[in-house]
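Chain by chain, the residues:
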Amino acid sequence: MTRERSDIEASLLKKGFKKDNGNHKYYIYWNLSGKKTIKKTMVSHGSAYKTMGDSLLNKMAKQVGLTKQKFLELVDCPLDQRGYEQIVFPPPAQVAAAPKSKGKK
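Presented here is a report on the structure given in the accompanying data block. Residue positions are given per chain, counting from 1 as you read along its sequence in written order. It should be noted that, the model being predicted, local features are given only for residues of pLDDT at least 70 and side-chain atom pairs only at 80 or more, the latter also being counted only at that level, while totals for whole chains, interfaces and linings use all residues. Neither water nor hydrogens contribute to the side-chain values; these are computed over all heavy atoms in the structure.

1. Quick look at the nonpolar core
As a reminder of what qualifies: Working definition of a nonpolar core: buried Ala, Val, Leu, Ile, Met, Phe, Trp, Tyr and Cys residues. They are joined through side-chain atoms within 4.5 Å. Buried residues are those whose accessible area, probed at 1.4 Å on protein chains only, stays under 20% of the maximum for their type, while exposed residues exceed 50% and partly exposed ones sit between those limits. Comment: elements are numbered from the N terminus, with helices defined as DSSP H or I runs of at least four residues and strands as E runs of at least two. By definition in these notes, contact holds between two residues if any of their heavy atoms fall within 4.5 Å.
Counting 20 residues, the largest nonpolar core has I8, L12, F17, L66, F71, L74 and Y84 as the members making the most contacts within it. Secondary-structure elements contributing two or more residues to this core are α1 (5–14), β3 (25–30), α2 (54–63), α3 (68–76) and α4 (81–88). In contact with F17, other than residues within four places in its own chain, are L12, Y27, I28, Y29, K39, V64, L74 and Y84.

What follows is the structure in structure tokens.
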């Protein structure tokens, strides 16, 4: 399974990732609240990497906290930004307050 680098980059930009201006092509995720997160991936550049194969897709998926299958859904568009956040940054579990037990009468 392969994907074109240009398609991956375009999809990442649509899903909340922003290109970091450095020596490498890093895409850093900014959440729906507009805050920078720790999730990022590097997109290999150069003529040998116009098409990304399984090995690079697996690495990119791991970098952004997804399985390869979910990463491909992110790239191919069934998985939107909100869905990505729900997978990678799930809300803290709501801990129900346990009723206080009363001593024996």
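2. A word on the environment of Q69
Structurally, the position occupied by Q69 is in helix α3. Residue Q69 is classed as exposed on the basis of its relative accessible area, which comes to 55%.

3. Examining the packing of aromatic side chains
For the record, the criterion: Here a Phe, Tyr or Trp ring, Trp counted by its six-membered ring, pairs with any other such ring whose centre lies within 6.5 Å, and the pair is stacked when the planes are under 30 degrees apart, edge-to-face when over 60, and tilted otherwise. Geometrically, a lysine NZ or arginine CZ counts as sitting over a ring once it is within 6 Å of the ring centre and also within 35 degrees of the ring normal.
Enumeration according to the criterion identifies four aromatic pairs in this entry. Geometrically, the ring pair formed by Y29 and Y84 is edge-to-face, given 4.9 Å between the ring centres and 75° between the ring planes. Residue Y29 is located in strand β3, and its partner Y84 is located in helix α4; the two are separated by 55 residues in the primary sequence. The class for Y84 is buried, based on a relative accessible area of 0%. Pairwise contacts between aromatic rings join F17, Y29, Y84 and F89 into one cluster. Residue placement shows K18 over the ring face of W30; its charged tip is 4.5 Å from the ring centre.

Everything listed here is a matter of coordinates, which is why it stays silent on function.
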